[in-house]
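Remarks on the overall topology
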Protein chains: 4
Amino acid sequence: MDTPRPQIRHEVQLRHRDVDQLGHVNQAVYHELLEEVRAAFVRESLPDLPFTGYVLARSELDYRSEVRIEDGYVVGEAYVGRIGRSSITVENRLCKPDGTVAVEGRAILVAWDEENRRSRVLTEDERRRLSPGS
Amino acid sequence: MDTPRPQIRHEVQLRHRDVDQLGHVNQAVYHELLEEVRAAFVRESLPDLPFTGYVLARSELDYRSEVRIEDGYVVGEAYVGRIGRSSITVENRLCKPDGTVAVEGRAILVAWDEENRRSRVLTEDERRRLSPGS
Amino acid sequence: MDTPRPQIRHEVQLRHRDVDQLGHVNQAVYHELLEEVRAAFVRESLPDLPFTGYVLARSELDYRSEVRIEDGYVVGEAYVGRIGRSSITVENRLCKPDGTVAVEGRAILVAWDEENRRSRVLTEDERRRLSPGS
Amino acid sequence: MDTPRPQIRHEVQLRHRDVDQLGHVNQAVYHELLEEVRAAFVRESLPDLPFTGYVLARSELDYRSEVRIEDGYVVGEAYVGRIGRSSITVENRLCKPDGTVAVEGRAILVAWDEENRRSRVLTEDERRRLSPGS
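Residues numbered from 1 in each chain as written. Chains lettered and ligands numbered in written order. Predicted model: local features only at pLDDT ≥ 70, side-chain atom pairs only at ≥ 80, totals over all residues. Heavy atoms only, no water.

As a further point, take the overall build of chain A. Tallying secondary structure elements over chain A gives two helices and six strands in all. The secondary structure elements of chain A, listed N-terminal to C-terminal, are β-α-β-β-β-β-β-α. Whereas a compact globule of 134 residues would reach a radius of gyration of roughly 14 Å, chain A reaches 16 Å, a difference of no more than 12%. Overall, the C-alpha framework of chain A stretches about 45 × 40 × 25 Å when taken along its three principal axes. Taken over 134 residues, chain A has a buried fraction of 54%. Long-range pairs, those at least 24 residues apart, make up 70% of the contacts in chain A with a sequence separation of at least 6. Accessible surface for chain A amounts to roughly 6400 Å². Of this, 45% is attributable to carbon and sulfur atoms. Charged side chains in chain A number 20 positive and 24 negative. The centres of these two groups are separated by 4 Å. (Helix = DSSP H or I, 4+ residues; strand = E, 2+ residues; numbered from the N terminus. Rg over C-alpha atoms; globule rule 2.2 N^0.38 Å. Buried < 20%, exposed > 50% of the residue type's maximum accessible area, 1.4 Å probe, protein only. Contact = heavy atoms within 4.5 Å. Areas by Shrake-Rupley, 256 points an atom, 1.4 Å probe, with all protein chains shown as cover. Lys, Arg positive; Asp, Glu negative; His and termini not counted. Charge placed at Lys NZ, Arg CZ, Asp CG, Glu CD.)

Structure representation (structure tokens):
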């Protein structure tokens, strides 16, 4: 049986401004919404981490189903998929209120040393808090 | 005869993201575009002013004519309408490539002392550079 | 004693994307947030009105106090200030969770006849629903 | 020797609004900027295609180097990497004025039948115009 891993479920309100000429949430906006989900995830899993503790190195996103303003909000989900030496892969997606997946993908976050402006090795504390069973 | 006053003409490219469900540039976006015009104006009129030299205290905007993505860009115009003790009023507008006024209004900018985080009196140099005939 | 008039109180979540280089919510974003408040107001006061029933003709906004991402959300308030022949003035503002006013101002909305693409006279039903005591 | 394939080089102006609290262009904004580059590419390669001819099905993006407002603009490049039965892969990136790569990745666009709201097979004309040597 799988040990449960740290994850989050976070609702994000939609705004009229999110919708483009085609009448659905614009493709770039999903990245803005996922940023909220990941921020909530990091805030909860690593409450002591400074704001600049990670930088985004890569994103992959599959667009599954369009979202409309009438949907009102989306439900974001995120969990750590893989822990590297100085990076983590966050699996994340946004669902509509009825449960349909709108977009799903992953983000690779690199642990960041703001002072020296370069990547850093994950601390043991981070590694433990982000691992299954924590 | 009027002494010419410092003014600017600055083109801003439109983006598909600027357009909302109604097929025209969204009302909030004009404030984003006018920010570019005012930034260009301040950069040109007061090249030595630090980035945080002014803060926006009030905006008024009349929406005259809708802009569509096919317009490609808008032409921003700005000039100083009134110089107060610690604030300036910038008259600004955006026109379509064919010259039609899209939006027009004004912004009141307060001279800002970033260190003490409060308004400051305009310097003589600022006052001179922003006045007609300069 | 004043007859109570239709009004709304509507919370809007903040996003990291709302914040600019100065570390506070960007000036243009308030117009995006107020659009949500006015949409909620119209949806509640005039539930049968089509989406394109009004267009924004003018906005005035005073910037009172900066908002930061740590504030989490803002509380929007809106009510009808004046009812004209073919337009209404909506008084609207955004407050921080602690009650401090962030921005306040008004929007003039023109009743719109989408088919003929021009302003229209307010209906008696609209006028009644938007008036004090309704 | 490789036959040259259709490609584009398209400049996009930056805006102060593109920059976030960390002082660099926000991660979601790159997707907004790349949308402009792909739109320019499709407009040039397939001038007769209706606006809704393709929908975005997937994006992959590597964040290489941060962009600041002082950079002024980015240079977008795009070309077709692979042509499928009903989709094309567009390789795209954004560079800073000095040539440094800011972001690079790809977008999978699915040919779209707006009337029946489902994917469609690429026409022979599309296929020819998007192929090397055209």
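Along the polypeptide, A:Ser87 turns up in strand β4 (residues 87-95). Of the residues examined, A:Ser87 reaches a relative accessible area of 15% and is grouped as buried.

So, on to the relation of the copies chain A and chain D. Relating one copy of the chain to the other takes a rotation about an axis and a shift parallel to that axis. The two copies are related by a screw operation: chain A maps onto chain D through 180° of rotation and 0.0 Å of translation along the axis, at an RMSD of 0.0 Å. Both copies of the chain, as the preceding transformation shows, are related through a two-fold rotation axis. Judged by C-alpha distance, A:Glu60 is the residue of chain A that lies nearest the rotation axis, at 2.2 Å. A share of 100% of interface residues in chain A that are also interface residues in chain D marks the association as one of identical surfaces. (Least-squares fit on C-alpha atoms with pLDDT ≥ 70 in both.)

Next up on the list: the interface of chain A and chain D. Facing 22 residues of chain A, the contacting portion of chain D comprises 22 residues. If you sort the residues of chain A by the area they bury against chain D, A:Gln27, A:Arg58 and A:Tyr63 come out on top, with a joint share of 25%. On inspection of chain A and its partner chain D, the count reaches six salt bridges. Measuring nitrogen to oxygen at the nearest pair gives 2.8 Å for the salt bridge that ties D:Asp62 to A:Arg58. The tally of links between chain A and chain D comes to 17 residue pairs in polar contact (both at pLDDT 80 or more). (Buried area = accessible area lost by both parts, 1.4 Å probe. Salt bridge = Lys/Arg side-chain N within 4 Å of Asp/Glu carboxyl O. Polar contact = N/O pair within 3.5 Å; in protein donor to acceptor, adjacent residues only side chain to side chain.)

To continue, consider the relation of the copies chain A and chain B. Between chain A and chain B, which share one sequence, the superposing operator has a rotation angle of 180° and an axial displacement of 0.0 Å; the RMSD is 0.0 Å. When the interface residues of chain A are mapped onto chain B, 100% of them again lie at the interface, so the same face is used by both copies.

On to the side chain of B:Glu36, then. Within the secondary structure layout, B:Glu36 lies in helix α1 (residues 27-45). For B:Glu36, which is buried and forms no salt bridge, the nearest opposite charge comes from B:Arg43, at a distance of 5.9 Å. For B:Glu36, the contacting residues outside a window of four places in its chain are B:His10, B:Val12, D:Leu14, D:Arg15, D:His16 and D:Arg17.

This part takes up the pairing of strand β1 (residues 7-13) of chain A. Within a regular beta strand, the side chains point alternately toward one face of the sheet and then the other, so they alternate between its two faces. Residues and elements named next belong to chain A. Here β1 shows one buried face, formed by Ile 8, His 10 and Val 12, and one open face, formed by Gln 7, Arg 9, Glu 11 and Gln 13. Direction of pairing for β1 relative to strand β3 (residues 73-83): antiparallel, over a ladder of seven bridges. Note on β3: the bridge partner recorded for Glu 11 is Val 75. (Pairing = 2+ DSSP bridges.)

Below, the discussion takes up the pairing of strand β3 (residues 73-83) of chain C. Residue and element names in this part refer to chain C. Both β3 and strand β4 (residues 87-95) contribute to a ladder of eight bridges, which runs antiparallel. Residue pairing in the sheet places Val 80 in a bridge with Val 90 of β4. Counting the residues in the hairpin turn of β3 and β4 gives three residues.

Quick look at the interface of chain A and chain B now. Contacts between chain A and chain B engage nine residues on the former and nine residues on the latter. Here chain A packs against chain B, burying approximately 830 Å² in sum over the two surfaces, 42% of which is carbon and sulfur. When residues of chain A are sorted by the area they lose upon contact with chain B, A:Arg17, A:Val19 and A:Gln21 head the list and together hold 66% of the total. Our count for the chain A to chain B interface comes out at zero salt bridges.

Position of B:Arg17 among the secondary structure elements: in the loop between β1 (7-13) and α1. Spatially, the C-alpha atom of B:Arg17 lies 19 Å from that of B:Val103, the residues being 86 residues apart in sequence. In contact with B:Arg17, other than residues within four places in its own chain, are A:Arg17, A:Asp18, A:Val19, A:Asn26, A:Val29, D:Glu32, D:Glu35 and D:Glu36.

It is worth spelling out the environment of A:Gly76 at this point. Residue and element names in this part refer to chain A. One can find Gly 76 in strand β3. Looking at Gly 76, the relative accessible area reads 0%, which means it is buried. Along the backbone, Gly 76 and Thr 100 are 24 residues apart, and their C-alpha atoms lie at a distance of 12 Å. Setting aside residues no more than four positions away along its own chain, Gly 76 makes contact with Ile 8, Arg 9, His 10, Val 37, Arg 93 and Leu 94.

Now for helix α1 (residues 27-45) of chain C. Residue and element names in this part refer to chain C. Compared with the 27 Å implied by 1.5 Å per residue over 19 residues, the 28 Å span of α1 between its first and last C-alpha is a close match. Among the 19 residues in α1, 17 count as buried, and that is most of the element. Capping the start of α1, Asn 26 holds a side-chain oxygen 2.9 Å from the backbone nitrogen of Ala 28, two or three residues further along. (Expected span 1.5 Å × (residues − 1).)

It is worth spelling out the pattern of salt bridges at this point. For the coordinates displayed, the defined rule picks out 68 salt bridges over all chains. Note that B:Glu60 is salt-bridged to C:Arg58, the shortest N-O span being 3.1 Å. Note that B:Glu60 is positioned in strand β2 (residues 54-63) and C:Arg58 in strand β2 (residues 54-63), a pairing that runs across two chains. Each member of the pair, B:Glu60 as well as C:Arg58, carries the same accessibility label: buried.

Another point: unusual backbone geometry. Located in the positive-phi region is B:Arg117, a residue other than glycine, with phi close to 50°. Mapping B:Arg117 onto the fold places it in the loop between β5 (101-113) and β6 (118-119).

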